[in-house]
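Listed below, chain by chain, are the residues.
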Amino acid sequence: MYLHGENGNEKAIEKTGEDNQVVILVATSGDTGKAALEGYCDVDRVKICVFYPNDGVSKMQQRQMTTQEGENVAVCAIRGNFDDAQNGVKKIFGNEETANLLDERLINTPAVAVARATEVTAVMADISCRALYDSLTLFDNFDPKVAENVRTLEDKADMYEDALGSYLVKISGKHISAKDSKIVTELLHCIGDIERISDHALNIAEAAKEVYDKGIEFSPKARADIEVINKAVHEILQITIDVLVNSNIERAKQVEPLEQVIDRLKIVVKDGHIKRLKQGECTMELGFVLSDLLTNYERISDHCSNIAVCVIEISHGSFDTHDYLNHLRTDEASEFNQMYLDYKQKYY
């Protein structure tokens, strides 16, 4: 925050009504670092630290920052690029958020801590869902703000995974009931898949940005194909979150048949692209983008399958995904096949 005039930054802090010391963290690629340090140099009740990529700024920029006078200023070089510096700052703020949600004192009452971890896992799942739903809108109407929000949500999902993983391990070290032990095991298995869904959402957003920046367009048929698989991915994610949050075993059985349909849709859409390519109705460049997009859709559905299978198996007192899926798919008279046919008819 910069205000013109003498002691402008002190006055800015006074306007907020903040009584505590203010710590400002800045990530810079070099241009703004010196200005930020100079602007808050020796401002009362303020400390400022600027993070910059060690090999990503000029010698002059580095010298300007490291020689800045002031008792309340600091600089820190990091390995990596500007994005790494920026993500590091975001994680520092994000850790405070997760610390507030996951109160360490609750671990002394494990049943309460397990309930809290379950609630926070639901929050994390919602974050990944919002990232994916936002990313799916970007091909029809690319909005840089929406794309940036996908990145922010993906960063937040990373932080939640780290915090929840540590919290759940601490709970597991306590004397907990068999029921709570099952829940902790389930959550530990699932949070990685939830986080990976947000990673794929970011991949989709980046693919949409590539299409937008290059000014390329999918053919009407390709758009129609993408819309179909979008809807299937949207549905499998909705079912999966219900399964995870509500331990809905019956709905969990719907995930694997739909995952199989999404796998098949990927092949169908790729075959359609090859046909259009031969007819001169599409380009190789769009084909690369489409392939990346379909791969992300397929992997999202795989993570949904992992979550659903985990919930089912742990509810049965075991965890052998390979055996479970083999049994599921080889029973020709099973309800799995009927659900598969229903989804196939819906989306083909």
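Each remark here, short or long, concerns the structure printed above.
Note that the coordinates shown come from a computational prediction; the quantities given were computed from them, not determined experimentally.

**Q** Could you clarify how one ought to interpret the overall build of the chain in this entry?
**A** Looking only at helices and strands, one finds twelve helices and three strands in the chain. A separation threshold of at least 6 residues defines the contact pool for the chain, and within that pool the share at least 24 residues apart is 78%. Split by element, the accessible area of the chain, about 18,300 Å² in all, is 50% carbon and sulfur.

**Q** What should I look at first to understand the nonpolar core in this one?
**A** It is characteristic of soluble globular proteins that their nonpolar side chains tend to be buried jointly. Core analysis: the biggest nonpolar cluster contains 76 residues, and L132, F139, I171, I204, F218, L258 and Y297 have the highest contact counts within it. Mapped by element, the contributors of at least two residues to this core are helix 5 (110–136), helix 6 (144–172), helix 7 (178–214), helix 8 (220–246), helix 9 (249–278), helix 10 (284–315) and helix 12 (335–347). L258 has contacts with A232, E235, I236, I239, Y343 and Y347, leaving out every residue within four places of it along the chain. A36, V46, I48 and V73 belong to the second-largest nonpolar core, a separate cluster that totals 13 residues.

**Q** Explain the environment of C76 to me, please; I cannot follow it from the model alone.
**A** Considering the arrangement of structural elements, one finds C76 in strand 3 (residues 73–78). C-alpha separation for the pair C76 and F51, spaced 25 residues apart in sequence, amounts to 4.8 Å. Those residues in contact with C76 that sit more than four places away from it in its chain are C49, V50, F51 and Y52.

**Q** Help me out: how do you make sense of the pairing of strand 2 (residues 46–53) in this one?
**A** Walk down a regular strand and you will see the side chains alternate between the two sheet faces. Burial runs high along strand 2: seven of the eight residues are buried. Alignment of strand 1 (residues 22–27) against strand 2, held across six bridges, turns out to be parallel. The partner of V26 across the bridge, within strand 2, is V50. At this point the chain moves from strand 1, through helix 2 (residues 33–40), to the parallel strand 2, and the crossover so formed is right-handed. As judged from the six bridges shared by strand 2 and strand 3, these two strands associate in the parallel manner. Paired with P53 across the two strands is I78, which belongs to strand 3.

**Q** What am I meant to see in the sheet that holds strand 1 here?
**A** As a general point, the strands of a sheet are linked pairwise by backbone hydrogen bonds and lie either parallel or antiparallel. An order of 1-2-3 is seen for the three strands of this open sheet, with the pairing classed as parallel. Looking at strand neighbours, the two that pair on one side only are strand 1 and strand 3, the edges of this open sheet. On average, adjacent strands in this sheet sit at an angle of 20 degrees to one another, irrespective of strand direction. Contacts between helix 2 and the sheet are confined to strand 1, strand 2 and strand 3, with strand 2 contributing the most and set at about 170 degrees to the helix. Contacts between helix 3 (residues 59–66) and the sheet are confined to strand 2 and strand 3, with strand 2 contributing the most and set at about 160 degrees to the helix.

**Q** What exactly am I supposed to notice about helix 8 here?
**A** Because an α-helix completes one turn every 3.6 residues, residues spaced three or four positions apart along the sequence face the same direction. A rise of 1.5 Å per residue sets the reference length of helix 8, with its 27 residues, at 39 Å; its end C-alpha atoms lie 39 Å apart and thus fit the reference within 8%. Two residues or fewer after helix 8 comes S247, characterised by a positive phi angle close to 50 degrees.

**Q** What am I meant to see in the environment of A131 here?
**A** Relative to the elements of secondary structure, A131 occurs in helix 5. Accessibility expressed as a relative area gives 0% for A131, which makes it buried. For the pair formed by A131 and D199, sequence separation is 68 residues and the distance between their alpha carbons is 8.9 Å.

**Q** What is the right way to look at the side chain of E154 in this model?
**A** Positionally, E154 belongs in helix 6. Within the buried set, E154 has no salt-bridge partner at all; the shortest N-O distance to an opposite charge, 6.1 Å, is to R151. The contacts of E154, once residues within four sequence positions are left out, are E195, S198, D199 and L202.

**Q** Is there a simple way to explain the packing of aromatic side chains in this structure?
**A** Centre distance and the angle of the planes are the two values used to describe a pair of aromatic rings. The full count for this structure, using the stated rule, is two aromatic pairs. When the ring of F139 is compared with that of F218, the centres are 6.0 Å apart and the planes differ by 50 degrees; the resulting orientation is tilted. Of the two residues, F139 is situated in the loop between helix 5 and helix 6 and F218 in the loop between helix 7 and helix 8; the sequence distance between them amounts to 79 residues. Their ring planes at 25 degrees and their centres at 4.7 Å tell us that F142 and Y212 sit as a pair that is stacked. Linking F142 in the loop between helix 5 and helix 6 with Y212 in helix 7, this pair joins segments that are 70 residues apart in sequence. According to the relative accessible area criterion, F142 is buried, its value standing at 14%.

Each value, and the rule that gives it
Once a new chain begins, its residue numbering starts again from 1 and follows that chain's sequence as written. Where local features are concerned, this predicted model is filtered to residues with pLDDT of at least 70; where side-chain atom pairs are given and counted, the filter is 80 or more; whole-chain, interface and lining totals use all residues. Side-chain metrics in this entry use all non-hydrogen atoms of the structure; hydrogen atoms and water are not considered. Only DSSP runs of H or I with at least four residues qualify as helices, and only runs of E with at least two residues qualify as strands; both kinds are numbered from the N terminus onward. Note on contacts: a residue pair is in contact if any heavy atoms of the two residues lie within 4.5 Å. Reported accessibility uses the Shrake-Rupley method at a 1.4 Å probe radius. Residues are deemed covered only where the shown protein chains occlude them. What is meant by a nonpolar core is a set of buried Ala, Val, Leu, Ile, Met, Phe, Trp, Tyr and Cys residues, joined one to another through side-chain atoms within 4.5 Å. Throughout, exposure labels follow a simple rule: accessible area from a 1.4 Å probe, protein chains only, divided by the maximum for the residue type, with under 20% read as buried, over 50% as exposed, and the rest as partly exposed. Strand pairing follows a simple DSSP-based rule, namely that at least 2 bridges must link the two strands. By definition, the crossover connecting two strands over a helix is right-handed if that path, from the first strand to the second, turns clockwise as seen with the strands pointing away from the viewer. Axes here mean lines fitted to C-alpha atoms, for a helix over just the part in contact, with angles spanning 0 to 180 degrees between N-to-C directions. A helix's residues, less one, multiplied by 1.5 Å, set its expected span. For the purpose of counting charges, residues Lys and Arg are taken to be positive, whereas Asp and Glu are taken to be negative. His and the chain ends are not included. Just to be clear on terms, a salt bridge is a Lys or Arg side-chain nitrogen sitting within 4 Å of an Asp or Glu carboxyl oxygen. Only Phe, Tyr and Trp rings take part, Trp by its six-membered ring, and two of them pair if their centres are within 6.5 Å. Stacked means planes under 30 degrees apart, edge-to-face means over 60, and tilted covers everything else.

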